[in-house]
Amino acid sequence: MTSYNIPKILLQHGWLSFRRAHYFDRSMGVKVLMVFVGFIFIWYLAMAGALLPRLLVHVFPDKEPHHAFFSILLYLYAADLVTRFFVQSPPKQLIVSYLPLPVSRHSLAGFILLRGWFSIFNIYLFPLLIPLFMRTLLFPLSAGAFWLALLGCFLLGAVNHGLITWFKTWPGKQARIAALVLFIAGAGVAGGLYPSAFMSLSEQLGRAFIAGNPWAFMLPLAAVIFLQSLSKKGLIQSFYDWAGSGHTSAPAGSSRIEKFFARVPVFGPYWELEWKLIMRNKRASGGIKQWPLAIIGIPLFLYFAPGESSSQYIYLLVMVAGGYGFYHLQYAFSWESRFFDLIASRDTNMYRFIRAKYYFYALLAVLQIVPMLILIGFAAPNMVLPMAGMSLYVTGVIFAFLFYTGINNSTRIDPNKRASFNFEGTSGTLFMTILAAMFSVIFLMIIAFFLPFGMEKSIALVTGVSGLAFILLHPKWLRATARKFERKKYHNLNKYREK
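Residues numbered from 1 in each chain as written. Predicted model: local features only at pLDDT ≥ 70, side-chain atom pairs only at ≥ 80, totals over all residues. Heavy atoms only, no water.

### Points about the packing of helix α14 (residues 293-304) against helix α18 (residues 350-379)
- With their axes 9 Å apart at the nearest point, α14 and α18 run at an angle of 25 degrees to one another. In this view, α14 runs roughly parallel relative to α18, as classed from their interaxial angle. Seen along the crossing, α14 lies across α18 with a hand that is right-handed. Contact with α14, carried on its side by Ala 294, Ile 295, Ile 296, Ile 298, Pro 299, Leu 302 and Tyr 303, involves Gln 368, Pro 371, Met 372, Leu 375, Ile 376 and Ala 379 of α18 and no other residues of that element.
- Classifying every residue of the contact of α14 with α18 gives twelve nonpolar, one polar and no charged. (Axes fitted to C-alpha atoms, helices over the stretch in contact; angles between N-to-C directions. Helix = DSSP H or I, 4+ residues; strand = E, 2+ residues; numbered from the N terminus. Parallel < 35°, antiparallel > 145°, perpendicular 65-115°, else oblique. Left-handed = near helix turned anticlockwise from the far one by under 90°. Contact = heavy atoms within 4.5 Å. Nonpolar A, V, L, I, M, F, W, Y, C, P; charged D, E, K, R; others polar.)

Dropping the structure here:
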C-alpha cells in the first residue's frame, strides 16, 4: 500500500462506513427536519450580519461600523474557542486495523488532520461575516478589503481549530491542559480586566487585515502550521490508545464525585451508577460539560435581548429551566451497553431506582438554577419570577411526562459514539414527545393571560403552582412509571436484543 493510495483507500473505507451505518436509513422526515433547522440557523446568522452594522453604530457612535466590529473581533473568536472546546471533536478514523500493515503513520495522521478541516466549526461564522463585510467593506471601501478581512477571520478560526485539535489529540494530558488553561485565562484576564486595551488591540488587528499587512497573516499561519505539526506528532504517539478504542485507565469509582454519591444514604448507589453512566457515554458527558455554560449565557442573553415580556422567551425558559435533565431524560430508558439487560432481567426495586433517578436530575436542576437566578437578578430582574416558576414546572410536570413516556423508548445507545450531531436514539415518536413537552406551556400562557396580574407574575404563578403540585405528588407518578416499566420490560428487552 503506497503513500499515494492511502488517502484514496481511507476515503473509500470512510464512505462505506458511513453508508452502512444504522443512521443512514433513518426516517426521511427527521433528515428533512434537520436540514430545515440548519437553513433556519444560517438564515438567522445572515440576518444578524446584515443588521449588525446598525447595532454597532448605536453602541460605538464615534467609530466606523467595520472599525467597531474589529474592536470586538478577538472577543468573537475567544467565544468561538470556548465553543469549540466543549463541542468540537477531532475526526476519528478507526485505524487500528491498518497499524499492522506497512502503512506510513505520517500518512495516516496527515489524513486525519486533513479531514479535521472539513468541519462545520470552520465555516459556521461566515454566514454572519459575509453580509456584515459586504455592507461595511465591499461597497464602502473595496473588494480587496472585503476578501482580506475574510481571509484574516479564517486564519483566526484556523488558530482556534489548531488549538482544539492539538488539545484533543496530544497524549500528555497535564501539559495540554496547563497550556490551554493558561491561554484561555490570559485572554480572559486581558479582555475582562483591560477591555479598552484588548479592544484597541483587536481593532488594530482588523485594520492590519484590511490594509494587507503581511505580518497579520503570517503570524496566525505560522501558529496554525506549528499546532498542526504538534497534533500530527501527538497522533502518531497515541494511535493505539486514541483511535476509537474508548479505553480509560482510571479505575471505577475513583473520582471524588463518585465517592460523594456513594456516601449518600439510600440513594447513593443509584446516584453513583447514574453518574458513571453519564460519564461513560460521550453524548451524555459532552452535554453535561456544556450545560453549565447556560448559567452565564442565559443571563447575558436576557441582558442584551430586546423586549420586556417574558412570553417572548417562553420556549427558551422551558429548555433551560430544568437544567441537564430536560436534555438527558429524553433518553432516560435508552440504556447503553448491557445495562438494560441488567435492570430488566433482575429483581430490582424499580420504584426506588426511578425515584433516585428523579432526585438526581432534580438536584442537577437546582445546582444550575440557583446561580442562574442570582445572575438574572442583576441582568434582567423582571425575568427572575418567570424563570423560577418555569424551573418548578419543568422539574415537576415535564420531568413526569418524560419519565412516563420514556418507557416506550428502548433504543440502545453506544457510549463511544460522538456527542455532537449524533442522531442515535432519535425517532419520530421521541421528537413529537419533546414538542408536546415544550408546547404544553401554551395552555398555561392562556390561563396566565386572564389572571389579574402582570404577565411575568402570571406566568410565574401558573407554572410554579402546577410544577409544585407535581413535585409534591411525585411518589404517585413515580410509582405509575415503575408499574409501566414492569409491564413493558420484557417487550422492551426483546426489542433491545434485536439491535
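### With respect to the environment of Tyr 393
- Residue placement: Tyr 393 occurs in helix α19 (residues 384-406).
- Separated by 78 residues in the primary sequence, Tyr 393 and Ile 471 place their C-alpha atoms 8.7 Å from one another.
- In contact with Tyr 393, not counting residues within four places along its chain, are Ile 398, Ser 440, Val 441, Leu 444, Thr 463, Ser 466 and Gly 467.
- Side-chain polar atoms of Tyr 393 contact the side chain of Ser 440, separated by 2.7 Å. (Polar contact = N/O pair within 3.5 Å; in protein donor to acceptor, adjacent residues only side chain to side chain.)

### Quick look at the packing of aromatic side chains
- This model, assessed by the stated rule, comprises 26 aromatic pairs.
- Consider the rings of Phe 85 and Phe 167, whose centres lie 5.4 Å apart with planes at 55 degrees: the pair is tilted. Taken together, the residues Phe 85 in helix α4 (residues 73-87) and Phe 167 in helix α7 (residues 143-169) connect sequence positions 82 residues apart.
- For Phe 167, a relative accessible area of 11% corresponds to the buried category.
- With a centroid separation of 6.0 Å and 90 degrees between ring planes, the pair formed by Phe 261 and Trp 271 is classed as edge-to-face. (Phe/Tyr/Trp six-rings, centres within 6.5 Å; stacked < 30°, edge-to-face > 60°. Buried < 20%, exposed > 50% of the residue type's maximum accessible area, 1.4 Å probe, protein only.)

### Some remarks on α18
- Taking 1.5 Å per residue, 30 residues should reach 44 Å; α18 reaches 43 Å between its end C-alpha atoms and fits that length.
- Capping the start of α18 is the job of one residue whose side-chain oxygen sits 3.3 Å from the backbone nitrogen of Tyr 351: Asn 349. (Expected span 1.5 Å × (residues − 1).)

### Some points on unusual backbone geometry
- Unusually for a residue other than glycine, Val 266 sits at a positive phi of about 65 degrees.
- Among the secondary structure elements, Val 266 is positioned in the loop between α11 (256-262) and α12 (268-279).

### Remarks on helix α21 (residues 441-449)
- Listed as buried for α21 are Val 441, Leu 444, Met 445 and Ala 448. Buried residues of α21 fall within an arc of 100 degrees about the axis and therefore sit on the same side. Exposed residues on α21 whose side chains face more than 90 degrees from its buried face are Phe 443 and Phe 449. (Arc of directions from axis to C-beta.)

### Some thoughts on the side chain of Arg 84
- Locating Arg 84 in the fold gives a position in helix α4.
- Look at Arg 84 and you get buried, because its relative accessible area is 1%.
- In terms of polar contacts, Arg 84 uses its side chain to reach the side chain of Asp 80, at 2.8 Å.
- One polar contact links the side chain of Arg 84 to the main-chain carbonyl oxygen of Gly 157, over a distance of 3.5 Å.
- Leaving out residues up to four positions away in the same chain, Arg 84 has contacts with Phe 121, Asn 122, Gly 157, Asn 160, His 161, Ile 164 and Lys 168.

### Comments concerning the pattern of salt bridges
- Counted by the stated rule, this structure contains five salt bridges.
- A salt bridge links Glu 203 to Arg 207; the nearest nitrogen and oxygen atoms lie 3.1 Å apart. Residue Glu 203 and its partner Arg 207 are both found in helix α9 (residues 195-211); the two are separated by four residues, about one turn of the helix.
- Here Lys 357 makes a salt bridge to Glu 274, at a shortest N to O gap of 2.6 Å. Here Glu 274 lies in helix α12 and Lys 357 lies in helix α18, a separation of 83 residues in the sequence.
- Accessibility expressed as a relative area gives 3% for Lys 357, which makes it buried. (Salt bridge = Lys/Arg side-chain N within 4 Å of Asp/Glu carboxyl O.)

Don't take any of this as a statement about function, it's just geometry.
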